[in-house]
Amino acid sequence: MYDLIVLGGGPAGYLAAERAGSAGLSVLLIEKRSLGGVCLNEGCIPSKALLHCAKVFDYTKHADQYGIKVADSQIDHKAVVERKNKVVKTLVAGVQSLMKAKKVTVINDTGIITGRNTVKVSDTEYEGRYLIVCTGSEPIIPPIPGVKEGLKSGMIVTNREILDLESVPKNLVIIGGGVIGLEMASYFNSVGSAVTVIEMLPNIAGPTDREISSILLKNYTAKGISFKTGCRVTKVTEDSVVYESEGKEYSAPADKVLLSVGRRPCTEGIGLEAAGVYCEKGAIVTDKRCLTNIPNIYAAGDVNGRSMLAHTAYREAEVAVNNILGKKDIMRYNAIPSVIYTNPEVASVGETQESAEKAGLDFEAFVMPMMYSGRYVAENMSGDGICKIIVDKKTKTLLGAHLIGNYASEIIYGAGLMIEMQMRIDDIKELVFPHPTVCEIIRETIFAVH
Ligand code: NAI
């Protein structure tokens, strides 16, 4: 009997196993594919490896703006993918050795829950005092005519296969202008594809602050990406994507199609019924302790359908393990940052202007151009980046912060901290920021609050 069985070895699963192992629990981790899950193998990390290469390439293309002559810069997509594979291999090996160091038993196979304390792998049943379900999520495949066939032929790909394309498609059509769609649009636009993004909603980047998603749209339209917002895809053929807008039908030529219309929790076929774990809309229902309706079964990561971000998964895993260890710990979801790694980057935390309005909050928004940061001006030839903060009118605390401009991804945690700690604007004004940095824009915007 193990103290803990963890089903799924992505960010939630391997972190839960690591924390529990560190605390001296005997842990069994079951993963059917590769340790690291979607994040390490086919999500966050590989996409960032590709995007970094695209950014370097973009710099070489515009090097003359910085007084540098680059004769003939070219990108070797195959070499980029090879480098990406090396990055993934290194990090997966890192997780493997971490599991070894924490004395976690790892089984590389499919596990099926057979009861409240049991998980079966092939013919062997393993027992655990506690169970944490960390089976993650998978791409949503919408019932659009031609999609099934396209996936079969390889003309349509998801976030997994797009990272391993052997060559750069001439015409890439992306269905869904959310995080995955935009990051991949960014990479393939940089490396030479003609990219079309078809998005059902009137705006791209989902719940991102509207002003910021409009700036992103403007930037990428200028770079040559064609956005079709408010459009519904009706059919995918062998060489095109057919979509409809205001009653008219259009067609976009495609030799590859990326399907990125969202992800759904992996709750089917893993035996949740055998243990009586309660699900709603296909996601495991958990409380603030990440506990399911079964007193010894927890769930962490995308499988609970709440925030679907690797860093949320890490924290949920920690909360679950702490509760198993008898320590009081709960999840708070109001200060979880999110980033879109486009060029420029977009980063957000907390309430947006739109969500604050919808919730009827008494707030004020303050906006400052990134050009108020000396370092931003020194490093960007031009730039329409902004920082927007949402401030509670009564308590004078920060409710949200939203940035578009490079380094935003590295800056946002500071704003998250201010929200998490419920710092008052006057307290934040007393903080000293390093100079010159782009993060000073937070300070500049805070000082706009009277
Ligand atoms: P998403 O939910 O971000 O975006 C999907 C988009 O597709 C939405 O804008 C939606 O309106 C649109 N859509 C849905 N059905 C459509 C249709 N039939 N035709 C056209 N548009 C349609 O989902 P995405 O991009 O697939 O990402 C999945 C998950 O992965 C997200 O939860 C995201 O947070 C996570 N992720 C996070 C990253 C990051 O933190 N940087 C990077 C990549 C993924």
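Below, the structure is looked at part by part. (Residues numbered from 1 in each chain as written. Predicted model: local features only at pLDDT ≥ 70, side-chain atom pairs only at ≥ 80, totals over all residues. Heavy atoms only, no water.)

1. Overview of the packing of helix H3 (residues 44-61) against helix H4 (residues 77-101)
In contact at an axis separation of 9 Å, H3 and H4 are set at 140 degrees when each is read in the N-to-C sense. In terms of orientation, H3 and H4 fall into the oblique class. Every pair of crossing elements has a handedness; the one defined by H3 and H4 is right-handed. Each of Ile45, Pro46, Ala49, Leu50 and Cys53 in H3 lies in contact with H4, whose residues at this interface are Val80, Val81, Arg83, Lys84, Val87, Val88 and Leu91. Considering only residue class, the contact of H3 with H4 consists of 10 nonpolar, no polar and 2 charged. (Axes fitted to C-alpha atoms, helices over the stretch in contact; angles between N-to-C directions. Helix = DSSP H or I, 4+ residues; strand = E, 2+ residues; numbered from the N terminus. Parallel < 35°, antiparallel > 145°, perpendicular 65-115°, else oblique. Left-handed = near helix turned anticlockwise from the far one by under 90°. Contact = heavy atoms within 4.5 Å. Nonpolar A, V, L, I, M, F, W, Y, C, P; charged D, E, K, R; others polar.)

2. Let's talk about H4
In this model, H4 (25 residues) spans 36 Å end to end at C-alpha, consistent with the 36 Å of a helix rising 1.5 Å per residue. Where H4 is concerned, the buried positions are His77, Val80, Val81, Lys84, Val88, Val92, Val95 and Met99. Once H4 finishes, lysine 103 follows within two positions and takes phi at roughly 60 degrees, a positive value. (Expected span 1.5 Å × (residues − 1). Buried < 20%, exposed > 50% of the residue type's maximum accessible area, 1.4 Å probe, protein only.)

3. A look at the side chain of asparagine 159
Within the secondary structure, asparagine 159 is located in helix H6 (residues 159-162). With relative accessibility at 8%, the residue asparagine 159 sits in the buried group. A polar contact is formed between the side chain of asparagine 159 and the backbone oxygen of glutamate 42, at a distance of 2.9 Å. Among all residues touching asparagine 159, those that are not within four sequence positions of it are Val38, Glu42, Pro139, Ile180, Leu258 and Arg263. (Polar contact = N/O pair within 3.5 Å; in protein donor to acceptor, adjacent residues only side chain to side chain.)

4. Describing the nonpolar core
Where a protein is soluble and globular, its nonpolar side chains tend to be buried together. One finds Val6, Val27, Met99 and Ile132 to be the most contacted residues of the largest nonpolar core, which totals 34 residues. At the level of elements, strand S1 (2-7), helix H1 (11-22), strand S2 (27-30), helix H2 (37-42), H4 and helix H10 (310-324) are the ones that each hand at least two residues to this core. The contacts of valine 27, once residues within four sequence positions are left out, are Tyr2, Leu4, Val6, Ala17, Ala20, Gly21, Lys103, Val104 and Thr105. Residues Leu51, Tyr187, Val191 and Ile386 belong to the second largest nonpolar core, which totals 32 residues. (Core = buried A, V, L, I, M, F, W, Y, C linked by side-chain atoms within 4.5 Å.)

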